[in-house]
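# Results of the structural survey
Listed below, chain by chain, are the residues.
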Amino acid sequence: MSHEEFPTEPPAVVTCGLPYANGDLHVGHLRSLVGGDAYARALEKLGQTTAFVCGSDMHGTPIAVNAAQEGIDPEELALRYHEQHAAQIPQFNVDFDFYGHTRQPTNVEQTVAFVEALEEGGYVYEKEILVAWDPEADQALPDRYVEGTCPYCGEHARGDECDEGCGRHLEPGEIEDPRSTITGNPAEYREREHKFFRLQEFQEYLQGFIDRLEGTENARTRPREWIEGELQDWCITRDIDWGIEYPGREDLVLYVWVDAPTEYVSASRQYTEEVGPDVYDWERVWKEDGEIVHVIGQDIIQHHTVFWPALLHGVGYNEPRAVVACGFVNIAGEAFSKSRNRAVWAEELLESPVHVDSYRYFTVTGSGFESDVDFSWGGLAERVNGELVGAIGNFIYRSLLFAHREYGGTPDVEPSGETVAEIEEAMERFRGAVNDYEIRGLGSPLLELARYGNEYIQRAEPWNLTDEDPERAAQVIRDCVQLSKALAVLMEPTMPAKAAELWDQLGEQGSVHDAPLSAALEAPPAAFDAPEELFDRLEDDEVAELETALEERVEQREDEDGSEGEEPAADLEPVLDERVPFDTFQSMDLRVGRITSAEPIEGADELLRLEVDIGVETRQVVAGLRQLHDVDALPGTRVVLVANLEKSEIFGVESNGMVLAAGEQADLLTTYDDAPLGTRVR
Ligand code: MSP
Ligand code: ZN
């Protein structure tokens, strides 16, 4: 790596933190994916040879735990989400040169090669340690299988990360008061033999590295505390069977944080295999002098500035030039929660009336990349309507419309010195943003140029000049067309599809993606057609609808907060061993119903006669709810009814079905949303 200004002679790689293939993507993930994409495109605009790579993180307990919850194989879950992510990410115009996954043979091979090189270098040793163990589930509890208290800050934490507090990585055995996330039981400890990476030996190297490291401020300062304090050796194996097997040890898999960043190398390598080493040479990048830029969220700074560079150094590879870390996207000040559906999903954005490039503009320019931000549809709409529609789109539209009407395209004069200077300044700010890793600065010159243009056109009033002073009118419009072209070139990293549309409107040939930054100052074609408005306004009712849907979810979360820290019931029955085929389950006809009346049955203390509307008909059912529920409050309650149970007679009353309820207290099963009465439950 050169530390010279971009563009450099050595090629670059830009990577994004690999999303875990264990759930849907949300706007939190998109912030660094879009930021990374804009950055990689911006480097290319400067003429830098760049590969932009990423992939799915398939291993680790995040996948194993979710797969267990769904009752499926981790591989099936991970492949399903990998395919979903790989298809969805390009819809945000995030254009990876290679999007692989960590189970691909190239990555398995690369990871094993790294581990073997570390072993050979004497950087790995074995040690017996105490690991958390669930006696009931009879398994080890690495990472997300255990929760407890962070020994550093006292906050609630996961086994390997203090995700709600200080953000530190935690080593096995460090978490206090560990509880199993499988059974909820306090964890016990067992002695196991694990592999350790001698991180301590890299302290001096890391101190030098962090002084050299470029990128955002957070990534260059936060790690100092860890690097300059007491470094602990790093446990790189786990006792689970989901992951890449440790070479020569069938009983251990590698910790996911070994094979995950290795995918950055493997993806670059697979890109070279596709395009050939003359186009892109992964070996030069990773083993020699390439410019490695990691774009991530701030929660994984430690992994990218401590563990990963030490590992690369241990195997004799090149080191990262920059780590660019974004702040978190929250909702109303609180973190996303996948399990509670408290997030703004990528899917929702794609289905919304918001154009993906408008969203890209919003996320790239919204605030400094390092700040935490609250996502709100209202905030997004304000920026889209004010900046994209009101300033940038409006300037381009009125300029090109006027140019087309009066001149059939670009007036035949040279642009003025003042306009050229204005464009040069915007290009300079753009170049500066790339070199300072300032993601917002990639998009902010757009608004500045458009504001300049709008003021200029407003001041010059070319529509009043066409008769009186046609030369001046032509000059003004010529300048505005040049400004529009400069906007197209500068827009490409942030809004690639919109830039291409504008390029087309200008009658340009070729692709704006391939146009270098200097094209901003080249003359646009002499002839072009009538333009169309580039951006669509978001209407108030559209925004209100999106906001209401999100607010409802946030409130739901608040309602549920009372039940946090729930304990499992005492004396739980073990789950039945005998499995039933799916067909057996399907033979039960379960329906959504509503209790329409409830009355005691004479002579039976426990029993009620219920009438339950199940859409197709109303059923009379006898249920043992009398002592456990407020009888008068029952009518109106939504329930789930077994509709094809054999009829029976109880205390002389016919019972034609059964309502489902949990436990001794007969906690009635109800529906989460309002599925229509009679809907089958599956
Ligand atoms: N798999 C690891 C990364 C391995 S990199 C070798 C991981 N996965 S993740 O799915 O949890 O996150 C993927 C990326 O999105 C990471 O860069 C992470 O920091 C980022 N973000 C996830 N949630 C986020 C927010 N709510 N806000 C901003 N970025 C967030 O970590
Ligand atoms: Zn902590």
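Analysis parameters
- Residues numbered from 1 in each chain as written.
- Chains lettered and ligands numbered in written order.
- Predicted model: local features only at pLDDT ≥ 70, side-chain atom pairs only at ≥ 80, totals over all residues.
- Heavy atoms only, no water.
- Core = buried A, V, L, I, M, F, W, Y, C linked by side-chain atoms within 4.5 Å.
- Buried < 20%, exposed > 50% of the residue type's maximum accessible area, 1.4 Å probe, protein only.
- Helix = DSSP H or I, 4+ residues; strand = E, 2+ residues; numbered from the N terminus.
- Contact = heavy atoms within 4.5 Å.
- Donors = N, O, S within 2.8 Å, 3.2 Å for Na, K, Ca; no water.
- Near = heavy atom within 4 Å.
- Polar contact = N/O pair within 3.5 Å; in protein donor to acceptor, adjacent residues only side chain to side chain.
- Nonpolar A, V, L, I, M, F, W, Y, C, P; charged D, E, K, R; others polar.
- Pairing = 2+ DSSP bridges.
- Domains from an automatic or database assignment.

## Points about the nonpolar core
Core analysis: the biggest nonpolar cluster contains 156 residues, and Tyr39, Leu206, Trp234, Trp286, Tyr359, Ile392 and Met491 have the highest contact counts within it. A total of 13 residues in this core trace back to one element, the largest contributor, which is helix H12 (residues 377–407). Filtering out sequence-adjacent residues up to four positions away, isoleucine 392 remains in contact with Tyr361, Glu387, Leu446, Leu447, Ala450, Met491 and Phe535. Judged by nonpolar contacts, the second largest core, of 22 residues, contains Ile63, Ala64, Cys150 and Cys162.

## Remarks on the coordination of the zinc ion (ligand 2)
Summarising the metal site, the zinc ion (ligand 2) is bound by the protein donors Cys150 (SG), Cys153 (SG), Cys162 (SG) and Cys166 (SG), whose distances to it range over 2.2 to 2.3 Å. Along the chain, the residues that donate to the zinc ion (ligand 2) are spaced as C-x2-C-x8-C-x3-C. Residue cysteine 153 is found in the loop between strand E6 (146–149) and strand E7 (156–158), and its partner cysteine 166 is found in the loop between E7 and strand E8 (176–180); the two are separated by 13 residues along the sequence.

## Quick look at the site of ligand 1
Taken together, 21 residues form the shell around ligand 1, and within it Leu18, Asp57, Gly297, Asp299 and Val329 come nearest. Between ligand 1 and aspartate 299 there is a distance of 2.5 Å, counted from an oxygen atom to a side-chain nitrogen or oxygen. Looking at the shell around ligand 1, the elements with two or more residues in it are helix H1 (27–45), helix H7 (256–275) and strand E15 (291–297). Examining the composition of the shell around ligand 1, we find that four residues originate from one element, H7, more than from any other. Classifying every residue of the shell around ligand 1 by side-chain character gives 11 nonpolar, eight polar and two charged.

## Structural notes on the pairing of strand E16 (residues 322–326)
Of all five residues making up E16, five are buried, and the element is well covered by its neighbours. Side chains of E16 alternate between two faces, with Ala322, Val324 and Cys326 and Val323 and Ala325 buried alike. Taken together, the two bridges between strand E10 (residues 214–215) and E16 define a ladder with parallel strand orientation. Residue pairing in the sheet places glutamate 214 in a bridge with alanine 322 of E16.

## So, the sheet that holds strand E9 (residues 188–197)
Taken together, the four strands give an open sheet; going across it, the order is E5-E4-E9-E11, and neighbouring strands pair in antiparallel fashion. The open sheet terminates on both sides in strands that have one partner only, identified here as strand E5 (139–140) and strand E11 (234–235). Pairing between strand E4 (residues 124–134) and E5: two bridges, direction antiparallel. Following the sheet pairing, tryptophan 133 is matched in E5 by alanine 140.

## Some thoughts on the sheet that holds E15
Strand order in the open sheet formed by six strands is E3-E2-E1-E15-E16-E10, and the pairing between neighbours is parallel. Bordering the open sheet on either side are strand E3 (98–101) and E10, each of which pairs with just one other strand.

## Thoughts on the domain arrangement of the chain
When the domains of the chain are assigned, the result is domain 1 (12–111 + 258–331), domain 2 (118–253), domain 3 (376–521) and domain 4 (582–681). Relative placement of domain 1 and domain 4: their C-alpha centres are 51 Å apart.

## Structural notes on unusual backbone geometry
Following phenylalanine 6, the chain continues into proline 7 via a peptide bond in cis, with omega recorded as 0°. On the secondary structure map, proline 7 appears in the segment before strand E1 (12–16). Phi is positive for aspartate 177, close to 45°, though the residue is something other than glycine. Along the polypeptide, aspartate 177 turns up in strand E8. Classification of aspartate 177 as exposed rests on a relative accessible area of 59%. In this structure, phenylalanine 651 takes a positive phi of about 50° despite not being glycine. Inspection of the secondary structure puts phenylalanine 651 in the loop between strand E23 (648–650) and strand E24 (653–655). The class of phenylalanine 651 is exposed, set by a relative accessible area of 54%.

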